[in-house]
Amino acid sequence: MSINRREFLATGATAAAGLAVTPEWPAIAGASTPAPRVALPVVIASTNGMRGVKVAYDMLMRGEDTLDAIIAGVNIQELDPADQSVGLGGLPNADGVVQLDASCMHGPTRRAGSVACLEDIATPSLVAKAIMDYTDHIMLVGDDAKRFAVDMGFRTQNLLTEKSRQDWLRWKARLNASDNWLDHDDDVKIKFHTGTINMNAVNAAGDVSSVTTTSGMSWKIPGRVGDSPIIGAGQYCDNTVGAAGSTGRGEANIKVCGAFLAVEQMRQGKTPEQALMYTMERVVAMTEKRLLDDRGRPFFDLSFYAVAKDGRFAGSCAYEGGDFAVCDASGARVQKAVYLYKANERPRGPVNGRR
Ligand code: ASP
């Protein structure tokens, strides 16, 4: 999608009037016609947040705080040992150690918290919030972040489940055909993985919050920090505009500060769909050659989610087929994401730029 100069001027004019004015939107692949206004509150998340959006929505209906609600929503995945992309049971780094990243923002008070490379504590979203609530800092990392969390009363536990340990061993065994680890047929299924949960909410009063939590890329180099704990990349919110967040290849998102970019595009008058498509285009434009096919299409995918203060929302992917979770007055459901490229345009090649 590209917005021509006339449309750009139109959206610029509406920016001054705020998001309440809906200009005519150019067509976007996979998008329905502009959605009718939805009743507030609204909670959106990556698809693994299907259970969480309902929990968060119910809390908002009871008048609870937006950030408390979405953190309760993502805690469900963080504490679920079967979800191998976050918290307990998350896939480990190359050394077999689960290292977690998370960040959050609270729109009404304009505060943020973040934690990276956190070990042994299942709920990094709550640690990020504790940093926000109890310190004058925004981000703590590694052993010092863990010490802070323990001082704050968080319980430590071994986060490496038997399933994730087995997956890591199989990945490790196949790294080098000439090493002393024997390869097995089922090892071939153990590939590189990503996975994360981002959740964003706007309540009936128009207050906004955002949170993202992850175990990051599986088998990452120890100490690697992805986009999830980077304020402005993994998530961002501005109470006067809305919120956005991301899941997928963090290295691609960090370079465009995707969540911040999406919120800023909404501030300038774009719909959530337009803002996310613009952000996806920036991701592709900023991708290094080794991760693009000969037509300039990325080997990886990345998802963005955005909700405007007035309740409009969207999800986006590079390739057709992505979806996201939403809960509003119509209930909790999965909706299709808008996309840049048709599914059959997806290049055959390394998954996520990696084999
Ligand atoms: N964005 C996460 C990261 O790069 C991973 C993911 O969402 O799958 O750490």
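This report concerns the structure included in the present document. (Residues numbered from 1 in each chain as written. Predicted model: local features only at pLDDT ≥ 70, side-chain atom pairs only at ≥ 80, totals over all residues. Heavy atoms only, no water.)

Moving on: empty space enclosed by the protein. Which parts of space are left empty comes out when a probe the size of a water molecule is rolled across the atoms. One pass over the structure, following the stated rule, counts 1 cavity of 30 Å³ or more. A volume near 70 Å³ is recorded for the largest cavity. Taken together, 13 residues form the lining of the largest cavity, with Thr196, Gly216, Met217, Arg224 and Gly248 sitting closest to its centre. The residue makeup of the lining of the largest cavity, split by class, is 1 nonpolar, 9 polar and 3 charged. (1 Å grid on protein atoms, 1.4 Å probe; cavity = no way out; pocket = protein on both sides within 12 Å on 5 of 7 lines; lining within 4 Å. Points joined across faces, edges and corners; volume = space filled by probe spheres on them. Nonpolar A, V, L, I, M, F, W, Y, C, P; charged D, E, K, R; others polar.)

The next subject is unusual backbone geometry. Of note, the amide linkage connecting leucine 40 to proline 41 takes the cis form, showing an omega dihedral of 0°. Mapped onto the elements of the fold, proline 41 is located in the loop between helix H1 (5–17) and strand E1 (42–46). With phi around 60°, tryptophan 219 is a residue other than glycine that occupies positive phi space. Here tryptophan 219 is to be found in the loop between strand E6 (208–214) and strand E7 (235–238). Under the relative-accessibility criterion, tryptophan 219 is labelled buried at 4%. (Helix = DSSP H or I, 4+ residues; strand = E, 2+ residues; numbered from the N terminus. Buried < 20%, exposed > 50% of the residue type's maximum accessible area, 1.4 Å probe, protein only.)

Glancing now at the sheet that holds strand E13 (residues 338–341). The strand order across the open sheet built from 5 strands is E7-E8-E9-E10-E13, with neighbouring strands paired in mixed fashion. In the strand order of this sheet, the two ends are held by E7 and E13, each with one partner. Between one strand axis and the next, the sheet turns by 15° as a mean value, whatever way the strands run. Summarising the sheet, strand E8 (residues 242–248) and strand E9 (residues 302–308) pair through 7 bridges and their orientation is antiparallel. Counterpart to alanine 244 in the pairing with E9 is alanine 306. This element, helix H8 (residues 258–267), spans E7, E8 and E9 of the sheet and lies at about 145° to E8. Docked against the sheet, helix H9 (residues 272–285) engages E9, strand E10 (313–319) and E13, running at close to 150° with respect to E9. (Pairing = 2+ DSSP bridges. Axes fitted to C-alpha atoms, helices over the stretch in contact; angles between N-to-C directions. Contact = heavy atoms within 4.5 Å.)

For the rest of this paragraph, the subject is the pattern of salt bridges. Scanning all chains against the criterion turns up 20 salt bridges. Between aspartate 144 and arginine 147 there is a salt bridge; the shortest N-O distance is 2.2 Å. Highlighted residues: aspartate 144 and arginine 147, both in helix H5 (residues 142–151), separated by 3 residues, approximately one helical turn. By relative accessible area, which is 48% here, aspartate 144 ends up partly exposed. With a shortest N-O distance of 3.3 Å, glutamate 288 and arginine 290 are connected by a salt bridge. Arginine 290 sits in the exposed class, given a relative accessible area of 57%. In the salt-bridge network here, residues are joined through shared partners; they are Asp68, Arg111, Lys129 and Asp133. (Salt bridge = Lys/Arg side-chain N within 4 Å of Asp/Glu carboxyl O.)

Buried together is how nonpolar side chains tend to be arranged in soluble globular proteins. If you look at the biggest cluster of nonpolar residues, it comprises 43 residues, and the most contacted ones within it are Val42, Ile44, Met266, Val283, Val307, Phe313 and Phe324. What valine 42 contacts, discounting residues up to four positions off in sequence, is Asn200, Ala201, Val202, Val307, Gly311, Phe313, Val326, Cys327 and Asp328. Listed in part, the 34 residues of the second largest apolar core include Leu67, Ile71, Phe148 and Ala149. (Core = buried A, V, L, I, M, F, W, Y, C linked by side-chain atoms within 4.5 Å.)

Attention shifts here to the sheet that holds strand E5 (residues 196–202). A sheet is described by the order of its strands in space; here 8 strands give the open sequence E4-E3-E2-E6-E5-E1-E11-E12, paired in mixed fashion. Edge strands, defined here as strands with exactly one partner in the open sheet, are strand E4 (139–141) and strand E12 (331–336). In this sheet, neighbouring strand axes are inclined to one another by 10° on average, regardless of whether the strands run parallel or antiparallel. Pairing analysis gives 4 bridges linking E1 to strand E11 (residues 323–328), with the strands arranged antiparallel. Its bridge partner lying in E11, alanine 45 is registered against alanine 325. Helix-sheet contacts for helix H3 (residues 66–78) involve E1, strand E2 (100–106), E5 and E6, and the interaxial angle to E6 is about 20°.

A separate point is the packing of H8 against H9. Where H8 meets H9, the closest approach of the two axes is 8 Å, and the angle between their N-to-C directions is 140°. With respect to each other, H8 and H9 are oriented oblique. Between H8 and H9 lies a crossing of right-handed hand. Along the contact surface, H8 presents Gly258, Leu261, Ala262, Gln265 and Met266, while H9 presents Pro272, Ala275, Leu276, Tyr278, Thr279 and Arg282. A breakdown of the residues in the contact of H8 with H9 according to their chemical character gives 7 nonpolar, 3 polar and 1 charged. (Parallel < 35°, antiparallel > 145°, perpendicular 65-115°, else oblique. Left-handed = near helix turned anticlockwise from the far one by under 90°.)

Moving on, we get to the packing of H3 against helix H4 (residues 124–134). Closest axis-to-axis distance for the H3/H4 pair is 9 Å, and the angle between their directions is 150°. If you check the angle between H3 and H4, you find them roughly antiparallel. Residue-level contacts link Leu67, Asp68, Ile71, Val74, Asn75 and Glu78 of H3 to Pro124, Ser125, Leu126, Lys129 and Met132 of H4. Looking at the contact of H3 with H4 residue by residue, the class counts come to 6 nonpolar, 2 polar and 3 charged.

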